[in-house]
Amino acid sequence: MKHYLKTILGLLIGSVLVFAFSSNTIADSHKRVDRLRAAIIGDESTINPFTYVTGEPGWNILMMQYDSLYTLGIDGQPQPWLVTKLVRSADRLTYTLTLRDDVYYNDGKKLTAHDVKFTFDYLTKYPVGRFAKDIRGFSSANVLNDYKIEIHLKKPRAGYVRKAFADVPIFPRHIWSEVTDPKKHQFESVTNVGSGPYIMVDYKPDQYYRLKANHKYFAGTPRVEELILVKFADESSSHAAFRTNSVDILFKNIPPEQISMLKGIKGVSIVQGPLFTTQLVIMNYDHKPFHMVEVRKAIAYAIDRQKLVDTIYLGAATVGSNGWIHPKSPYFNNQVKTRYNLAKAKSLLDSVGIKDTDGDGIREYEGKPMAFELITPNNNALRLRLAELIKGKLLDVGIKITVGSVEQNTWEGAVWPDFDVNKGRNYAMSMWGWSAGVQADTFRAPELVHSNTGVGFLNLTGVSNKEIDRISNLMDTEDVLARRVELVKQLQAAIAEEMPFITLMYPDGPYAYWSSKYDGLAYISGQGIVNKLSFIPKSAWP
Amino acid sequence: MRSSRGNRILEYLVVFVIAVSLNFFLPRLMPGNPLALLAGVDVGLMTPEEKAKVKEEAGLDRPLWEQYIDYWNDLLHGDFGYSYKQKAPITKMIGDRLPWTLLITGSSLIISAIFGVIFGAISAWNRAKPVDIGLLWTMILMGSMPTFWLGMMLISIVSVDLQLLPSFGAMTPAFFGTFWESVADVASHTILPVITLSVWSIPGVYLTMRYTMLSVLGADFIRTARSKGLSEKTVLFRHVVRNSLAPVVTVLAIRLGFAFGGTVVVETVFSYPGLGRLIFESVSGRDYPVLQATFLVITVAVLVSNILADMLYPLLDPRAKAN
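Just so we're clear, the structure is a prediction, and the values are computed from it rather than from any experiment.

The next subject is the overall build of chain A. When helices and strands are counted, chain A shows 17 helices and 21 strands. For chain A, the C-alpha radius of gyration of 25 Å lies close to 24 Å, the compact-globule estimate for 542 residues. Dimensions of chain A, computed from the C-alpha atoms along their principal axes, are close to 80 × 65 × 55 Å. Sorting the 542 residues of chain A into buried and exposed places 58% on the buried side. Taking the contacts inside chain A whose residues are at least 6 apart along the sequence as the reference set, 68% of them involve residues at least 24 apart. For chain A, the computed accessible surface area is about 21500 Å², with 52% contributed by carbon and sulfur atoms.

Taken residue by residue, the interface counts 53 residues in chain B and 50 residues in chain A. Both faces combined, the contact of chain B with chain A buries some 4200 Å², and carbon together with sulfur accounts for 53% of it. If you look at where chain B meets chain A, you find four salt bridges. Among the salt bridges present, the one from arginine 97 of chain B reaches aspartate 206 of chain A, with a minimum N-O distance of 2.9 Å. Where chain B touches chain A, the interface holds ten residue pairs in polar contact (both at pLDDT 80 or more). Among the elements of the structure, α2 (35-39), α3 (48-58), α5 (90-125), α7 (147-161), α11 (264-269) and α12 (275-285) of chain B are those that each provide at least two residues to the side of chain B that touches chain A. For the side of chain B that touches chain A, the element with the highest residue contribution is α3 of chain B, accounting for six residues. Here the side of chain B that touches chain A is composed, by residue class, of 25 nonpolar, 14 polar and 14 charged.

This brings us to the nonpolar core. Residue and element names in this part refer to chain A. By size, the foremost hydrophobic cluster in this structure holds 78 residues, and its most contacted members are Leu69, Phe120, Ile151, Tyr160, Phe165, Ile529 and Phe535. A per-element tally of this core places helix α3 (residues 113-125) first, with six residues. Shared between two domains, this core holds at least three residues of each, these being domain 1 (2-66 + 196-275 + 509-540) and domain 2 (70-176). Sequence-distant contacts of tyrosine 160, defined by excluding residues within four places in its chain, comprise Tyr95, Phe120, Asp134, Ile135, Arg136, Phe138, Leu153 and Phe165. With 45 residues, the next largest nonpolar core counts Ile375, Val415, Leu458 and Leu460 among its residues.

What follows deals with the sheet that holds strand β19 (residues 429-432) of chain A. Picture the strands of a sheet paired through backbone hydrogen bonds; they go either parallel or antiparallel. Residues and elements named next belong to chain A. Overall, mixed pairing links the six strands, which are arranged β14-β20-β13-β19-β17-β18 in an open sheet. The open sheet has two free edges, formed respectively by β14 (317-319) and β18 (400-406), since each of these has just one partner strand. On average, each strand axis in the sheet is tilted by 25° relative to the strand beside it, whichever way the strands run. As defined by bridge partners, strand β13 (residues 279-283) adjoins β19 across four bridges and the pair is classed as antiparallel. Paired with methionine 283 across the strands is methionine 429, a residue of β19.

Further remarks concern the environment of threonine 84 of chain A. Residues and elements named next belong to chain A. Position of threonine 84 relative to the elements: it lies in strand β4 (residues 83-88). For threonine 84, a relative accessible area of 53% gives the class exposed. Considering only alpha carbons, one finds threonine 84 and phenylalanine 372, 288 residues apart in sequence, at a separation of 56 Å. Filtering out sequence-adjacent residues up to four positions away, threonine 84 remains in contact with Thr98, Leu99 and Arg100.

Let us now look at a nonpolar patch on the surface. Residues and elements named next belong to chain B. Where nonpolar side chains cluster on the molecular surface, the patch consists of Phe148, Trp149, Met152, Met153, Ile157, Leu162, Leu164, Val264, Val265 and Phe280 and spans about 910 Å² of accessible area. Broken down by secondary-structure element, the contributors of at least two residues to the nonpolar patch are α7 and α11. Looking at the secondary structure, you find valine 264 in helix α11.

All names here are of chain A. Taken domain by domain, chain A holds domain 1 (2-66 + 196-275 + 509-540), domain 2 (70-176) and domain 3 (279-507). Between the C-alpha centres of domain 1 and domain 3 the distance comes to 34 Å. Tallying the contact residues gives eight residues for domain 1 and ten residues for domain 3. Buried area between domain 1 and domain 3, summed over both chains or domains, comes out near 650 Å², and the portion from carbon and sulfur atoms is 67%. For domain 1, the biggest contributors to the area lost against domain 3 are Pro256, Glu257 and Pro274; these three give 61% of the whole. Across the contact surface, domain 1 and domain 3 share one salt bridge. Salt-bridge contacts for glutamate 257 lead to arginine 385; the nearest nitrogen and oxygen are separated by 3.9 Å. For the pair domain 1 and domain 3, the interface holds zero residue pairs in polar contact (both at pLDDT 80 or more).

Residues and elements named next belong to chain A. Most of strand β10 (residues 224-232) is tucked away: eight of the nine residues are buried. Relative to β10, strand β1 (residues 33-41) is paired through eight bridges, and the arrangement is parallel. When the sheet's bridge partners are listed, isoleucine 41 is paired in β10 with phenylalanine 232. Bridge analysis of strand β9 (residues 208-213) against β10 gives five bridges, and the strand direction is antiparallel.

Cut-offs applied
- All residue numbers refer to position in the chain's written sequence, counted from 1.
- Chain labels run from A onward and ligand labels from 1 onward, assigned in the order the entries are written.
- In keeping with the predicted nature of the model, local features appear solely for residues at pLDDT of at least 70, side-chain atom pairs appear and are counted solely at 80 or more, and the whole-chain, interface and lining totals rest on all residues.
- For side-chain calculations, the full set of non-hydrogen atoms in the structure is used, while hydrogens and water are omitted.
- Each helix corresponds to a stretch of at least 4 residues labelled H or I by DSSP, and each strand to a stretch of at least 2 residues labelled E; elements are numbered beginning at the N terminus.
- Values of the radius of gyration come from C-alpha atoms, whereas the globule rule sets the reference at 2.2 Å times the count of residues to the power 0.38.
- Each residue is assigned to one of three classes by its accessible area relative to the maximum for its type, calculated with a 1.4 Å probe on protein chains only: buried under 20%, partly exposed between the two thresholds, exposed over 50%.
- Pairs of residues are marked as contacts when any of their non-hydrogen atoms sit within 4.5 Å.
- The method behind every accessible area is Shrake-Rupley, applied with a 1.4 Å probe, and residues are considered shielded solely by the protein chains displayed.
- Note on definitions: buried area is the accessible-area loss of two parts on being combined, 1.4 Å probe, summed for both.
- When a carboxyl oxygen of Asp or Glu lies within 4 Å of a side-chain nitrogen of Lys or Arg, that pair is called a salt bridge.
- For this analysis, a polar contact is any N or O atom pair within 3.5 Å, provided that within protein one partner can donate a hydrogen and the other can accept it, and provided that sequence-adjacent residues contribute only side-chain to side-chain pairs.
- As a working rule, the residues Ala, Val, Leu, Ile, Met, Phe, Trp, Tyr, Cys and Pro are called nonpolar, Asp, Glu, Lys and Arg charged, and the rest polar, with Gly in that last group.
- By nonpolar core is meant a set of buried Ala, Val, Leu, Ile, Met, Phe, Trp, Tyr and Cys residues that side-chain atoms within 4.5 Å join together.
- In this entry, domain limits derive from an automatic or database-based domain assignment.
- By the convention used here, strands pair only if DSSP detects at least 2 bridges between them.
- Only the contacting stretch of a helix is used when fitting its axis, a line to C-alpha atoms as for every element, and angles between N-to-C directions run 0 to 180 degrees.
- The patch calculation keeps residues exceeding 30% relative accessible area without a salt bridge and links them within 9 Å when they carry like charges or within 5 Å when they are nonpolar (Val, Leu, Ile, Met, Phe, Trp, Tyr).

Here it is as structure tokens:
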């Protein structure tokens, strides 16, 4: 009997372990592959820290060639990478980092603390979008020895490990110290000197990048010898190429309607998980009557988000929370309720005197019909479809919507002129969405809602709420995680009460790949499947 | 005569100056700005000071007229500058893409010239007969098919279902074959874009040829030729077709100019690495320097092809010279 119990117990533990390890990875066949082809959209130029173009896939490809002090682990959280030890001073102004001593650039030179100092100093001198923001607050760096360095900040900055250490590539001093105009500098070779698992050996504009495995990579030889990143003009042509097996991986997540079709192809697998991107409806507080919380709440009640998820996303999304934060986040406040209730929507509008006085089915506010334009970019079919369905639902409560489909740059210019919220807003209602970084880092929520635009530099609606500001200010100075979590939960409740925007949904990231060709990809939430971990030995994962 | 030629040159110069000025102003009149390209995708996370610095580096903080003068200055020195998006010299970017564009647009131009002229001549020679009506309807159908739709249909049927030809690109990524294998590879990638372009392009040449030839067929000198007892073959090739070619050559010459601009739709559908795709991406991102340079290429090509047509016309139709 004991023997059987032991066997059953062993099997159970084994199953749990298998399940635990396979939950975020697609499998690990340990098979080495000569060549893999991944489809990307657009051209990312020569992909060095100053020339890459987009966050995705640009930054992801950049980080195939470079390493950062920390890297995102399989759970999407920063894990030590070039660093073996980090000590933060009590005043949160100094980070002392001990580095690995076995990391080399692909030209044979060692990566040392001098390169780390150089990277931070150089990015301060020549700021480049993403990295300038990452290192904000950096004061100076002090090299203690070849593998030990102090990073000093001007003032404490919450989440500095994720923002700066897990995002900024450490580039070689011996190469870049000669460069005085980094954005325009043209290197003779296409090969960027980095320490990452891959070395770029060929670049054909608008055609492809060819990356070769770095056999001296400190974390082990990559399992794929050659990585071809094939550039496409749009998604549909990349999907056609995928179906003909001309590419093995689609870098970008696929639209919901493609899931079942691609699943039906033998040898193709789909992996799906939270993307941490969002679909929102935002309302301009300067455009009356959106300054009234009752109106914003009425619109939120009138939209059936579950139906939008089922109809437009075919279920491949999570219904949005009124408190902004994804329900799968460990910091989600489950007391915040999100409901669809047409009667409640109507009664809220009635309560502030917005009624249909002339019997045409459209309510009036200050004598004018409740008719607004909902703008959306014309290059995003899903958003356009969402806007059309929202238009129908709002008509049910007496609000007339005209969907304005405008060119991307025009749309951004109306909502976020010059990407500076201080420059006002030229819209009434708009579809909107934030990239994964804003949602994945829960503690960035104040950036969306703080009335001080220095903090709330993503406040596109013009919301100004004392309670939100108070909680946000506390979050900025609170360093104890448990207290910060409590504050972020309070903030979710305050956002739901204020309703500055309506979080419609959090789309899932379905990614397609030919598992018959390579089955060792790692899915990182918010990062997709083409990342460093997908190609290095699993034993080296942080 | 000499003063007439001088006037013509002056006209072209004025058109050039206006066109080049429009190339500068039109992109800047579009809503939105290129800040996202200049500063990177996280531009919204930058402070106003950081954004101001980015604008200053690109010279976008200066008055428009100063930028306009600089633009002319750079242009006259042959300096197209750097792309906001790719941070690469624009001359190189155009040089990388123009040959691919010319490969498909040039091939399609030749095909449309040959088939357009032949079908137009057959149609006109057999006016109102079933072959004419059949060709006319076919050409109208071809001309009204949207190129993006046709391209997608060809990809779906020929590439995805039948797996006969590649669906994207100018050559297989990272292909390392012999010279002839590379030629075959490039050719196989060219077929579908060229078919798509030609299907759209042949009807224009066909209709011009058919219309002109019908006019020529009714002319007195054709009746005279026939009354002299010349064979139908001689009448057709020596008198009718030859006299019908002048307007067709003009149409083709103008199309040759536009061929340099690429074809945005076809290059996008087939992810073809040409100039049209570059223009499309530059318009979307407000990459002013690239737009200016690519539009300049088109401007110059169209003007040169017009000059070419002006010079060719009198050779094909001596009456133009006499006038």
